[in-house]
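The residues making up each chain are set out below.
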Protein chains: 2
Amino acid sequence: MTRYKAIISYDGYNFAGFQRQPNARTVQEEIEKTLQRLNRGQAVTIHGAGRTDSGVHAYGQVIHFDLEGERNVEKLRFALDTQTAEDIDVIALEEVADDFHCRYAKHSKTYEFLVDIGRPKNPMMRHYATHYPYPLDFSRIEEAIGYLEGTHDFTGFTASGTAVENKVRTITAAKVRLDRERNFLIFTFTGNGFLYKQVRNMVGTLLKIGNNRMPIEQVERILDEKDRSLAGPTAAGNGLYLKEIIYEE
Amino acid sequence: MTRYKAIISYDGYNFAGFQRQPNARTVQEEIEKTLQRLNRGQAVTIHGAGRTDSGVHAYGQVIHFDLEGERNVEKLRFALDTQTAEDIDVIALEEVADDFHCRYAKHSKTYEFLVDIGRPKNPMMRHYATHYPYPLDFSRIEEAIGYLEGTHDFTGFTASGTAVENKVRTITAAKVRLDRERNFLIFTFTGNGFLYKQVRNMVGTLLKIGNNRMPIEQVERILDEKDRSLAGPTAAGNGLYLKEIIYEE
């Protein structure tokens, strides 16, 4: 048995998310169907580092899976890439140690969130950015996002009723920039792990602050009081990208 | 009767093109359906300045149509925008003179063509840029594109069997730039009119020259000899955008 690690990208628009579920098209199922064909009809289970939600995109999702025997990795990558649906690309593939687990091996993840602030909006981007046509004070967002960096209990920014007990995470970088040519606001968050809907709740809160409907210091209060109801709305999944995963050596 | 001119944008992916045709979804039909509803069930015909092909996008297509009586233009724009399919946006609307015709009034058009030169390609852009994963010498393209500016007979760059007799057109600007961050090559062509498939044939030829499979001077030869078989392949429609139309006063 050999364990393989692959980096994949996908357009999340036509997926009900990464994780397999009944009666819905998922990234996991599409890749497992191809792997089964490449494995003489025997089922193969894949694991994903990030279980992206419905509509969420990926440039650098990481998966792992096991196959009997040894394969030429470039031939396997090519077969997997070309035989899987056109909205999934298999970018890289390598052999890894038998005990590597893409989700449990220590890593940092980078998420990007794209906001189309153009008026009119760009119809080509309607599945690839969240449209926010309201006035925004960029300097307020820049100031507020600084409070998110560091090690905090992010309970106030996760969906209520999440099963995970420890909600302390570290965000090593939280940035926002304005692409004036394309009329996009681009948020980037890097950290050692993110809670369910955390990025989308942080973005929804930052937009509300930028729109002057919430004080800048509210970010600190949400972290301190761990109260989801103090935060802004959950931003739509169509603007979210799992950009990169970097494993510790 | 009042004549209205509107600027519209659309995502061409799910359209068989602008112009109405049987058994296919078109931009014209979608807008005419909405206008008929807004016109107490009476059919309305729209005219488009550029009859974009299947898969081709628009940021600044111009249409015109007539309605009985007078309407508030912002209310009409809003109704048309929100009641038409989500892949079409109605950006602007104004009253114009009864004899204005969006296609025959003197104007210049700007087309943009996006080439994704990234390896791996970007799955989010698969309907919005043409993927060209082969080596390209950017300086060769820059040099070749210069031959296209000016007034020429573009017979060699149009689809054979075109009905239009006069194939002399003026290109006032033909530019290419490299967006290194997004790994895109962006072509821009402005002129007083373009022949059927002209932009896609020019791009297909320029890419072949950039890939070193055709001499730079071939562009001049295609113009001189008016021979389509000397030009490169027609680039796919998914990278083409009708960007802007400017009317003479």
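Just above, that's the structure.
Computed from a predicted structure; not experimentally measured.

Notes on the overall build of chain A
Inference 1: On a plain count of helices and strands, chain A comes out with 5 helices and 10 strands.
Inference 2: What you see for chain A is a C-alpha radius of gyration of 19 Å, in line with the 18 Å of a compact globule of 249 residues.
Inference 3: Of all 249 residues assigned to chain A, the portion counted as buried reaches 52%.
Inference 4: Within chain A, counting contacts between residues at least 6 apart in sequence, those at least 24 apart form 71% of the total.
Inference 5: When the accessible surface of chain A is summed, it comes to about 11,500 Å², and 46% of that surface belongs to carbon and sulfur atoms.
Inference 6: For chain A, the distance from the average site of its 32 positive side-chain charges to the average site of its 35 negative ones is 5 Å.

Comments concerning the side chain of Thr190(A)
Inference 1: When you line up the elements, Thr190(A) lands in strand E9 (residues 184–191).
Inference 2: Look past the residues within four positions of Thr190(A) in its chain and what remains in contact with it is Ser108(A), Lys109(A), Thr110(A), Thr170(A), Ile171(A), Thr172(A) and Ala173(A).

Observations concerning the pattern of salt bridges
Residues and elements named next belong to chain A.
Inference 1: For the structure on display, the rule yields 34 salt bridges over all chains.
Inference 2: Two residues, Glu94 and Lys5, come together in a salt bridge whose shortest N-O distance is 3.4 Å. Here Lys5 lies in strand E1 (residues 2–10) and Glu94 lies in strand E4 (residues 88–96), a separation of 89 residues in the sequence.
Inference 3: According to the relative accessible area criterion, Glu94 is partly exposed, its value standing at 39%.
Inference 4: Owing to a relative accessible area of 15%, Lys5 belongs among the buried residues under this scheme.
Inference 5: Salt bridges sharing common partners tie together Arg25, Glu30, Lys33 and Asp87.

So, the relation of the copies chain A and chain B
Inference 1: If you rotate chain A by 180 degrees and push it 0.0 Å along the axis, it lands on chain B with an RMSD of 0.0 Å. Viewed as a symmetry operation, the transformation between the two copies matches a two-fold axis. Considering only C-alpha atoms, the residue of chain A closest to the rotation axis is Met125(A), which sits at 4.8 Å.
Inference 2: Both copies present the same face, since 100% of the interface residues in chain A are matched by interface residues at the equivalent positions in chain B.

What about helix H4 (residues 198–210) of chain A?
All names here are of chain A.
Inference 1: An ideal rise of 1.5 Å per residue puts 18 Å on 13 residues; H4 measures up with 18 Å between its terminal C-alpha atoms.
Inference 2: Across the 13 residues of H4, 12 count as buried, placing the element largely inside the fold.
Inference 3: Among the residues of H4, Gln198, Val199, Arg200, Asn201, Met202, Val203, Gly204, Thr205, Leu206, Leu207, Ile209 and Gly210 are the ones counted as buried.
Inference 4: Buried residues along H4 sit against strand E5 (107–116), helix H3 (138–146), strand E8 (168–179), E9, helix H5 (218–225) and strand E10 (240–247).
Inference 5: The first or second residue beyond H4 is Asn212, which carries a positive phi of 70 degrees.

Remarks on the pairing of E10(A)
Residue and element names in this part refer to chain A.
Inference 1: Judged from the 2 bridges that link them, strand E3 (residues 57–67) and E10 form a sheet pairing that is parallel. The residue of E10 that forms the bridge with His57 is Tyr241.
Inference 2: Relative to E10, E5 runs antiparallel, the two sharing 7 bridges. Across the sheet, residue Tyr111 finds its bridge partner in E10, namely Leu242.

Structural notes on helix H3 (residues 138–145) of chain B
All names here are of chain B.
Inference 1: Residues Arg140, Ile141, Ala144 and Ile145 constitute the buried set of H3. Viewed along the axis of H3, the buried residues span an arc of 125 degrees, placing them on a single side of the element.
Inference 2: On its buried face, H3 is in contact with strand E8 (168–179), strand E9 (184–191), helix H4 (198–210) and helix H5 (218–225).

Regarding the packing of aromatic side chains
Residue and element names in this part refer to chain A.
Inference 1: Evaluated as defined, the whole model comprises 15 aromatic pairs over all chains.
Inference 2: With 5.3 Å between their ring centres and 90 degrees between their planes, Tyr111 and Phe194 make a pair best called edge-to-face. Placement of Tyr111 in strand E5 and of Phe194 in the loop between E9 and H4 is noted, with a sequence separation of 83 residues between them.
Inference 3: Given the relative accessible area of 11%, Tyr111 is considered buried.

Cut-offs and rules
- Residues numbered from 1 in each chain as written.
- Chains lettered and ligands numbered in written order.
- Predicted model: local features only at pLDDT ≥ 70, side-chain atom pairs only at ≥ 80, totals over all residues.
- Heavy atoms only, no water.
- Helix = DSSP H or I, 4+ residues; strand = E, 2+ residues; numbered from the N terminus.
- Rg over C-alpha atoms; globule rule 2.2 N^0.38 Å.
- Buried < 20%, exposed > 50% of the residue type's maximum accessible area, 1.4 Å probe, protein only.
- Contact = heavy atoms within 4.5 Å.
- Areas by Shrake-Rupley, 256 points an atom, 1.4 Å probe, with all protein chains shown as cover.
- Lys, Arg positive; Asp, Glu negative; His and termini not counted.
- Charge placed at Lys NZ, Arg CZ, Asp CG, Glu CD.
- Salt bridge = Lys/Arg side-chain N within 4 Å of Asp/Glu carboxyl O.
- Least-squares fit on C-alpha atoms with pLDDT ≥ 70 in both.
- Expected span 1.5 Å × (residues − 1).
- Pairing = 2+ DSSP bridges.
- Arc of directions from axis to C-beta.
- Phe/Tyr/Trp six-rings, centres within 6.5 Å; stacked < 30°, edge-to-face > 60°.

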